[in-house]
Amino acid sequence: MASVSVDEAMRRAVELAARGLGATSPNPVVGCLLLDADGEVVGEGFHAYAGGPHAEIVALAQAGTRARGGTAVVTLEPCDHTGRTGPCSHALIAAGVARVVVAVPDPNPVASGGAATLRAAGVQVTLGVRGAEAEAGNIAWLTSMRRGWPYLIWKYAATLDGRSAAADGTSMWITSEAARTDVHALRGTVDAVLAGVGTVLADDPRLTARNLRDGTLAIRQPLRVVVDSSGRTPLDARVRDGAARTWVATAAEVGAGPDGRVDLAALLAELHHRGVRAALLEGGPTLAGAFLAAGLVDRIVGYVAPKLLGAGPTALLDAGVTTIADAIDLEITDVTPVGPDLRITALPRKREA
């Protein structure tokens, strides 16, 4: 096999890391390639599930003795602590790896320090190769670890004129089956799905990740979170059906904000404490407005159907905007057709202090 450059190897490592999305939390997604002394790929791996072998360990197992004198190319700084698995920094040293190339330093104070340990053992360490790509692929985990609350995605579906339901309250189905299938795939990449009690009372959603063709449940289910300030969620609501874990988050348990409702910042902090690194906010418009007004939304994914209603509920209510100068500006990062609909992905722009 022909030798590859470190840059090419890191590109492949980023691709490998993505295979773990939705399965590794509360751990990060990580990819690794092992190159021998001649630059030939002799091992590759990714972190496939929480508690399983880390990417470096998988790659080292494939490489065997050919790792000695070679280069490890890894998307995240090798861990330096013993958890459910041993420290990858020590494993790389024991294998005789001469150089380690890292895309992104580890922000987790519990696991960081691998680069320093490697250098102390005489291993050459290079940081920052394809850092932006690796960061983007691991953005939820990295963001969550750096600030202490989950990366929050607000997902909504609406008509072209912004309606989430008709005037008579009907909303099934605004978007196509292709879009709904896409949403279930999105649910499969997060650790929790959030909805307000108003949505639960009005629509009685399951909030599970499913295969829409046969209704089967995905193997891994996100935690279902009902934001319910006063505990109005019915005992027979479908979110209590046992298909996935459910937390009805009340103001009495989480803490209340000045308005007497669940303190959203405290809610996210508690979710982080419970191991949630990425969360999907699905409903409804009042809760979405509150999260946006508080500046707690990291990404917006909107499914826009080629329909017009002209009346009916809107997808978003009060988000703290009273004048055009206060509008929440967005950076559109992707527009993709999904069946007859459009999926628009956008990031709220950070306002100057």
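Each chain carries its own residue numbering, running from 1 in the written order of its sequence. Two thresholds apply to this predicted model, a pLDDT of at least 70 for residue-level local features and 80 or more for giving and counting side-chain atom pairs, whereas whole-chain, interface and lining totals are computed over all residues. Hydrogen atoms and water are omitted, and side-chain values are computed over all heavy atoms in the structure.

- For the protein, an unreviewed UniProt entry supplies the name Riboflavin biosynthesis protein RibD and the organism Micromonospora humi.
- UniProt positions are given in the numbering used here, feature names are shortened, and annotations may be inferred rather than shown by experiment. Quoted verbatim from the Function (unreviewed entry) field of the UniProt record, the comment on the protein reads "Converts 2,5-diamino-6-(ribosylamino)-4(3h)-pyrimidinone 5'-phosphate into 5-amino-6-(ribosylamino)-2,4(1h,3h)-pyrimidinedione 5'-phosphate."

A word on the UniProt feature "binding site: NADP(+)" (unreviewed entry) in the protein
Logical step 1: UniProt records the feature "binding site: NADP(+)" (unreviewed entry) at Ala157, Trp173, Thr199, Ser229, Gly284, Pro285, Thr286, Leu287, Ala288, Gly289 and Ala290, using the numbering of this structure. Their sequence span is 134 residues, while the largest C-alpha to C-alpha distance among them is 28.5 Å; these annotated residues do not converge on one region.
Logical step 2: The cut-offs for exposure are 20% and 50% of the maximum accessible area for each residue type, with area from a 1.4 Å probe on protein chains only; residues under the lower value are buried, those over the upper are exposed, and the others partly exposed. Using a relative accessible area of 26% as the deciding quantity, one classes Ser229 as partly exposed.
Logical step 3: You can see Thr286 is positioned in helix α11 (residues 285–293).
Logical step 4: The partly exposed category is assigned to Thr286, whose relative accessible area is 42%.
Logical step 5: Beyond its immediate stretch of four places on either side in the chain, Thr286 contacts Arg261 and Leu317. Numbering goes from the N terminus for both helices and strands, where a helix is a DSSP run of H or I of at least four residues and a strand is a run of E of at least two. Should any heavy atoms of two residues lie within 4.5 Å, those residues are counted as being in contact.

Description of the nonpolar core
Logical step 1: Judged by nonpolar contacts, the single largest core of 38 residues is most densely connected at Met10, Leu33, Leu34, Val73, Leu92, Val97 and Val100.
Logical step 2: Of all the secondary structure elements, the ones that give two or more residues to this core are α1 (6–17), β1 (31–35), β2 (41–46), α2 (55–63), β3 (71–76), β4 (99–104), α4 (114–120) and α6 (139–147).
Logical step 3: With six residues, the single largest contributor to this core is α1.
Logical step 4: Setting aside anything within four residues of it in sequence, one finds Leu92 in contact with Glu56, Leu60, Ala72, Pro78, Val97, Val100 and Leu118.
Logical step 5: The next biggest cluster of nonpolar side chains, apart from the first, holds 27 residues, and it includes Val254, Leu264, Val276 and Leu292. Definition used in this section: a nonpolar core is a set of buried Ala, Val, Leu, Ile, Met, Phe, Trp, Tyr and Cys residues joined via side-chain atoms within 4.5 Å.

Section: the domain arrangement of the protein
Logical step 1: A domain assignment, automatic or from a database, supplies the domain bounds used here. You can read the domains of the protein as domain 1 (6–141) and domain 2 (148–348).
Logical step 2: A separation of 34 Å is found between the C-alpha centroids of domain 1 and domain 2.
Logical step 3: Accessible area, probed at 1.4 Å, shrinks when two parts are joined; the buried area is that loss added up over both. Contact between domain 1 and domain 2 buries roughly 650 Å² in total, counting both sides, with carbon and sulfur atoms accounting for 58%.
Logical step 4: A per-residue breakdown of the area domain 1 buries against domain 2 is headed by Gly22, Ser25 and Ala140, which together make up 59% of the total.

Let's talk about a nonpolar patch on the surface
Logical step 1: Residues enter patches when their relative accessible area tops 30% and they take part in no salt bridge; the joining distance is 9 Å for like charges and 5 Å for the nonpolar side chains Val, Leu, Ile, Met, Phe, Trp and Tyr. Note on areas: Shrake-Rupley with a 1.4 Å probe; residue coverage comes only from the protein chains shown. Definition used for salt bridges: Asp or Glu carboxyl oxygen within 4 Å of a side-chain nitrogen of Lys or Arg. On the surface, a nonpolar cluster with roughly 260 Å² of combined accessible area is contributed by Ile332, Val335 and Leu342.
Logical step 2: Examined against the element boundaries, Val335 turns out to sit in strand β12 (residues 330–338).

Digging into the side chain of Ser144
Logical step 1: Structurally, Ser144 can be placed in helix α6.
Logical step 2: Those residues in contact with Ser144 that sit more than four places away from it in its chain are Trp149, Pro150, Tyr151, His272, Val276 and Arg277.

Details of the pattern of salt bridges
Logical step 1: Within the structure shown, the criterion is met by 18 salt bridges.
Logical step 2: The partner of Arg343 in a salt bridge is Asp182, and the shortest N-O contact between them spans 2.9 Å. With a gap of 161 residues between them, Arg343 in strand β13 (residues 341–348) and Asp182 in helix α7 (residues 177–187) connect regions that are remote in the sequence.
Logical step 3: Between Arg274 and Glu270 there is a salt bridge, and its shortest N-O distance comes to 2.8 Å.
Logical step 4: Judged by relative accessible area, which is 39%, Arg274 ranks as partly exposed.
Logical step 5: By relative accessible area, Glu270 is classed as partly exposed at 26%.
Logical step 6: By sharing partners, the salt bridges in this structure join Asp7, Arg11, Arg130 and Glu133 into a single network.

Examining the packing of aromatic side chains
Logical step 1: Only the six-membered ring of Trp is used, alongside the rings of Phe and Tyr, when aromatic pairs are assigned; centres must lie within 6.5 Å, and planes under 30 degrees apart are stacked while those over 60 apart are edge-to-face, with the rest tilted. Following the criterion strictly, the structure yields one aromatic pair and no others.
Logical step 2: In this arrangement the basic side chain of Arg180 is found over the ring face of Trp173, its NZ or CZ atom lying 4.0 Å from the centre.
Logical step 3: Should the NZ of a Lys or the CZ of an Arg lie within 6 Å of a ring centre and within 35 degrees of the ring normal, that charge is described as sitting over the ring. The aromatic ring of Trp247 is capped on one face by Arg274, whose charged end is 3.8 Å from the ring centroid.

Regarding the packing of helix α10 (residues 264–273) against α11
A pair of packed helices is characterised by two quantities: the angle between their axes and the separation of those axes.
Logical step 1: Angles run from 0 to 180 degrees between N-to-C directions of axes, and those axes are lines fitted to C-alpha atoms, restricted for helices to the stretch in contact. At a closest axis distance of 10 Å, the pairing of α10 and α11 adopts a crossing angle of 90°. It follows that α10 is roughly perpendicular to α11 by the angle criterion. Facing α10, whose interface residues are Leu264, Leu267 and Leu268, α11 presents Leu287, Ala290 and Phe291.
Logical step 2: Residues are grouped as follows: Ala, Val, Leu, Ile, Met, Phe, Trp, Tyr, Cys and Pro are nonpolar; Asp, Glu, Lys and Arg are charged; every other residue, Gly included, is polar. Classifying every residue of the contact of α10 with α11 gives six nonpolar, no polar and no charged. Small angles under 35 degrees read as roughly parallel and large ones over 145 as roughly antiparallel, with 65 to 115 read as roughly perpendicular and the rest as oblique.

Focus: the sheet that holds strand β6 (residues 151–159)
Logical step 1: Taken together, eight strands build an open sheet; the order of strands is β9-β8-β7-β10-β6-β11-β13-β12 and the sheet is mixed. Each end of this open sheet is capped by a strand with a single partner; those strands are β9 (246–249) and β12. Each adjacent strand pair in this sheet contributes to an overall mean axis angle of 20°, direction not counted.
Logical step 2: Both strand β7 (residues 192–196) and strand β10 (residues 278–283) contribute to a ladder of four bridges, which runs parallel. The residue bridging Val193 from the neighbouring strand is Leu280, located in β10. Strand pairing requires that DSSP identify at least two bridges connecting the strands.

Some thoughts on the UniProt feature "domain: CMP/dCMP-type deaminase" (unreviewed entry) in the protein
Logical step 1: Taken from the UniProt record, the annotation "domain: CMP/dCMP-type deaminase" (unreviewed entry) applies to residues 4–126.
Logical step 2: Helix makes up 28% of residues 4–126 and strand 21%. Its end C-alpha atoms lie 17 Å apart.

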